[in-house]
Amino acid sequence: NQKNYSEAEKWYLKAIEKGNFTAISNIAYLYFEKKDYEKSIKYYKEYQKLVDNPDNYLWIAAAYYEMDDYKNAKEWFLKTIKFEKDGASENRLGLIFSNEGNHKEAIKWYLAAIQKGNLWAYDNLAVLYLNLGDYDASEKLVRKGLELARKENDTEEIKELEETLDIIREAR
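In short, a report on the structure. Fair warning: this is a prediction, and the values are worked out from it, not measured in the lab.

The next point concerns unusual backbone geometry. Residue Asp68 is not a glycine yet carries a positive backbone phi of 60 degrees. Take Asp68: it is sitting in the loop between α4 (54-66) and α5 (70-80). Residues other than glycine seldom take positive phi values, yet Asn153 does so here, at roughly 55 degrees.

Here helix α6 (residues 88-99) is twelve residues long and its end C-alpha atoms lie 16 Å apart, about the 16 Å a rise of 1.5 Å per residue gives. Regarding α6, the residues found buried are Ser89, Glu90, Asn91, Leu93, Gly94, Ile96 and Phe97. Just downstream of α6 lies Gly101, where phi reads positive at about 85 degrees.

Residues Tyr43, Phe77, Leu125, Leu141 and Val142 are the most contacted members of the largest nonpolar core, which totals 51 residues. A per-element tally of this core places helix α8 (residues 119-131) first, with eight residues. What Leu141 contacts, discounting residues up to four positions off in sequence, is Ile114, Tyr122, Leu125, Ala126 and Tyr129.

With that out of the way, let us pick up the pattern of salt bridges. A side chain with one charge may pair with a side chain of the opposite charge, provided their charged atoms come close. Here the structure, examined in full by the defined rule, presents 14 salt bridges. Note that Lys10 and Glu7 form a salt bridge whose closest N and O atoms lie 3.5 Å from each other. Note that Lys10 and Glu7 are positioned in helix α1 (residues 2-17) at a spacing of three residues, about one turn of the helix. What makes Lys10 partly exposed here is its relative accessible area of 37%. The closest approach of N and O atoms between Asp136 and Arg172, which form a salt bridge, is 2.8 Å. Placement of Asp136 in helix α9 (residues 135-152) and of Arg172 in the segment after α10 (155-171) is noted, with a sequence separation of 36 residues between them. Salt bridges sharing common partners tie together Asp136, Glu139, Arg143 and Arg172.

What counts and what doesn't
Residues numbered from 1 in each chain as written. Predicted model: local features only at pLDDT ≥ 70, side-chain atom pairs only at ≥ 80, totals over all residues. Heavy atoms only, no water. Helix = DSSP H or I, 4+ residues; strand = E, 2+ residues; numbered from the N terminus. Expected span 1.5 Å × (residues − 1). Buried < 20%, exposed > 50% of the residue type's maximum accessible area, 1.4 Å probe, protein only. Core = buried A, V, L, I, M, F, W, Y, C linked by side-chain atoms within 4.5 Å. Contact = heavy atoms within 4.5 Å. Salt bridge = Lys/Arg side-chain N within 4 Å of Asp/Glu carboxyl O.

Have a look at this one:
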């Protein structure tokens, strides 16, 4: 809650004054959680100067994404690709390009995320194909994603994919 955020912020700022570098990362995350993305970016970049941690790239990218600053979000997500293995950055790039209406680039990035095993990319690409009217490709992706999500017992993604499958059935 807001009171806890304010208290944490106060203590993190005191720790930073005393030279605690970890507190810089902690306050950056706190600002992200508070949806104060500009401050979050400021502190993550400050922390990045001290500690070259690829996780910072992802948080900076996510903050820019939340601010709908797709130009900067793309730049930072591209930096994370060589470090992270789960395809989350590729999936986010797919979302950005899809939001910008660049379907060809969106498909490229969703497929790259799928290559890394990112289950959310199955659903996002299926929705894109659905919106483009390619129901067969959409359903094929959803069914493959569901198969993998069930193997991993990913209940959140199973629910999401089942909802997308229902939308496809209604659209036909």
